[in-house]
Amino acid sequence: MSNAKPRTIVGKVWDLHEIADLGGGQSLLHLDRIFLHERTGPALLAGLAGAGRAPAHRELVLGIVDHAVETLPGRLQRSLAPGANVFVTGFRERARAAGIRLLDLDDPRQGIVHVVAPEQGLALPGFTVVCPDSHTGTVGGLGALAWGIGSTEGEHAVATQTLVRRRPKLMRVEFTGRLPAGAGAKDMALALIARFGAAGGGGHAIEFAGEAVGALPVEGRLTLCNMAVEFGAWTAIVAPDDTTIGWVAGRPAAPKGELLDRAVAHWRSLASDDGARWDARRELDASAIAPMVTWGTSPEHAVAIDAVVPDPSAATGAARAAMERALAYMDIRPGQAIAGLPIDAAFIGSCTNSRLPELREAAAVVRGRKVASGVKAIVVPGSSTVKREAEAEGLDRVFREAGFEWRESGCSLCFFAGIDSFGDARRVVTSTNRNFEGRQGPGVRSHLASPATVAASAIAGRIADPRAAAGG
Amino acid sequence: MEKLVRVEGIAAPLHRPNIDTDLIIPSREITSPGREGYGEKLFAPWRYAGPGRRENPDFVLNREPFRRAPILIAGDNFGCGSSREMAVWAIRQFGIRAIVTPSFGAIFRANCLRNGVLPVELPADVVARLAARAEGGDLVLAVDLEACRVTEPDGTAHGFAVGEREREMMLEGLDDVALTLRRQGEIDAFEARDRAARPWAWAPPRD
Ligand code: SF4
């Protein structure tokens, strides 16, 4: 694939995986890895079996149980929740029949698929990765081209180890300057979406770049790419650099020895060339980003923590009507300060924000303090591995002593399927990615924020600025 | 893949932006991994009110003549959010065969094409005008995949774009996987080359 024209990282990964140019901008692409979970996997595998088809490369497919599992301690000793059973059992049976490996509940590597894949080295830089799940693009944070698909496309993926895709439009999003203390990758993502809208990504493949992105640890880059789908992007990627290579090398499934050397040389060749063409560019000054919180029911309804809830009368048409509906659902008023709003629950978890560095940040805010009375506070580590590592550092004690629940890994209350529940809690501050109506439970009002902001809010009993908490 | 050539009928307006798949079909309505039984669950949070799943008479799809509308006019970024294909199954099983909006969530759009629901993207001002007209309950649109055109009652026509392969698959009701398997020779050749070039990508993940 020698090509003198300067290319973007997306173009390079694309060219490397193109089996055939189908014309009209479409390519038949090779897939390096396919991940499945028990919420969307059973329908996919049932469809495949129903059509009399088998996986083309079952060794490149992996199933993980994460969505429909309860997270209260001791879950292995109990039978599955009624709502979970059909999915988990169905997935086990289908995966076994198709000969697909499963990281099941009792596997020490179990966890949220988008946390486990990078952490175990199952997703690597330069890979193409798909999963019937919209947050698959998370692993773009380490330089993989990864995207979410539906169950029917998933059948095609598993049956052929390929997908047909139109070459995406390309957008470069540059975060210039340095992120101030107290703000993190989650705040960058929310600031971007607030500025350009929940459809601002316009279906593009985004490369995140700039000083503030380069300064992020891989976990922060995973957070940023995780939220790209909430920005309306097709997917997002960060070019692998020394940070990435240091992070990936040594992961259990990463290449070793001579193979690693070859892989690293390849990874270093992926960065976008100077002069590569982009269909769109966006720029944001990272040094002006403060901790962000959402006030409404779309991730674009986000403001800096010291700002007030905006007034819909400043907007027009459908956006204005949507803002008014959001205010009614969230039970807040325009002009009201977002900080200080009393909360019923606080949740730290999800594929957005549940990795070790994030738990450390939240624990630093919580250490030696107590959760406000009447607030239900929960930490759900993103994987069983993260949980063990956090426990080895004593983070579980910090959270427990403050009054947080410390749970087993899984998607948990990132979405509501009737398995885990906030009980009577209405207003929740949450480190997850979606504040949609009813996403975390019927009538639940979700305020998205960083893990540090969630931690500070749990202590204060109201939405609170983590920068103020950090000082004391 | 379900065949679709042309849809003609009443258009129902649901013109708000960012309608996500959690609203189209909430997680708690997904109680089994099967593909059936989602039609009654479409837009459950809006369609039903109070105990016993009483219909909310104000919701557009509960009103005549929209109860049988085959065309939905929606706001920007329709179907954003979760990849759940159940969202499209619910729309299809309700009877909607075409959705007109300025833009779609990418996964939702791909899912539509594979389930006999035609995703139609038109400029925002056109969609806003059509949505306003549809409120009256007498806007009949003709959506033609062969010509890639939406036609209003007065003959005003708007072109839209669909990928060539997807258009053909929908027009003919072709099987996606079978089409790709015709290229098995090319796939095998690619794999052989790639195994030599990137052996680490093929080393099976350790157990
Ligand atoms: S944690 Fe939430 S967003 Fe992430 S995969 Fe699970 S349900 Fe989806």
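Everything below is about the structure printed above this text.
The paragraphs below set out a description of the structure included in this document. (Residues numbered from 1 in each chain as written. Chains lettered and ligands numbered in written order. Predicted model: local features only at pLDDT ≥ 70, side-chain atom pairs only at ≥ 80, totals over all residues. Heavy atoms only, no water.)

### What about the overall build of chain A?
In terms of regular secondary structure, chain A is built from 16 helices and 19 strands. For 472 residues, the compact-globule estimate of 2.2 N^0.38 gives 23 Å, and chain A sits close to it at 21 Å. For chain A, the spread of C-alpha atoms along the three principal axes comes to 60 × 55 × 45 Å. The buried share of chain A, reckoned over its 472 residues, is 66%. Here chain A has roughly 15,100 Å² of accessible surface; of this, 50% comes from carbon and sulfur atoms. Placing the 51 positive and 50 negative side-chain charges of chain A at their respective mean positions leaves the two points 2 Å apart. (Helix = DSSP H or I, 4+ residues; strand = E, 2+ residues; numbered from the N terminus. Rg over C-alpha atoms; globule rule 2.2 N^0.38 Å. Buried < 20%, exposed > 50% of the residue type's maximum accessible area, 1.4 Å probe, protein only. Areas by Shrake-Rupley, 256 points an atom, 1.4 Å probe, with all protein chains shown as cover. Lys, Arg positive; Asp, Glu negative; His and termini not counted. Charge placed at Lys NZ, Arg CZ, Asp CG, Glu CD.)

### Some points on the environment of proline 6 of chain A
Residue and element names in this part refer to chain A. Along the chain, the position of proline 6 falls in the segment before helix 1 (9-17). Along the sequence, proline 6 and alanine 322 sit 316 residues apart, while their C-alpha atoms lie 42 Å from each other. Every residue in contact with proline 6, bar those within four places of it in the chain, is listed here: Asp273, Asp274, Gly275 and Ala276. (Contact = heavy atoms within 4.5 Å.)

### Notes on the sheet that holds strand 9 (residues 170-176) of chain A
All names here are of chain A. Reading across from one edge, 11-10-9-12 is the order of the 4 strands in this open sheet, with parallel pairing throughout. The open sheet terminates on both sides in strands that have one partner only, identified here as strand 11 (235-237) and strand 12 (280-285). Between one strand and the next, the sheet's axes are offset by a mean angle of 20°, whatever the strand orientation. In terms of strand pairing, strand 9 meets strand 12 through 6 bridges, oriented parallel. Bridge pairing links methionine 171 to alanine 280 in strand 12. (Pairing = 2+ DSSP bridges. Axes fitted to C-alpha atoms, helices over the stretch in contact; angles between N-to-C directions.)

### Quick notes on the pattern of salt bridges
Evaluation of the coordinates by the stated rule reveals 45 salt bridges over all chains. In this structure, the salt-bridge partner of arginine 400 of chain A is aspartate 396 of chain A, at a minimum N-O distance of 3.4 Å. With a gap of 4 residues between them, arginine 400 of chain A and aspartate 396 of chain A both fall in helix 14 (residues 395-402), about one helical turn apart. With relative accessibility at 44%, the residue arginine 400 of chain A sits in the partly exposed group. Among the residues examined, aspartate 396 of chain A registers a relative accessible area of 11% and is labelled buried. The closest approach of N and O atoms between glutamate 55 of chain B and arginine 67 of chain B, which form a salt bridge, is 3.0 Å. Here glutamate 55 of chain B, found in strand 3 (residues 54-55), pairs with arginine 67 of chain B, found in the loop between strand 3 and strand 4 (71-74); they are 12 residues apart in sequence, far enough to count as distant. Look at glutamate 55 of chain B and you get partly exposed, because its relative accessible area is 38%. (Salt bridge = Lys/Arg side-chain N within 4 Å of Asp/Glu carboxyl O.)

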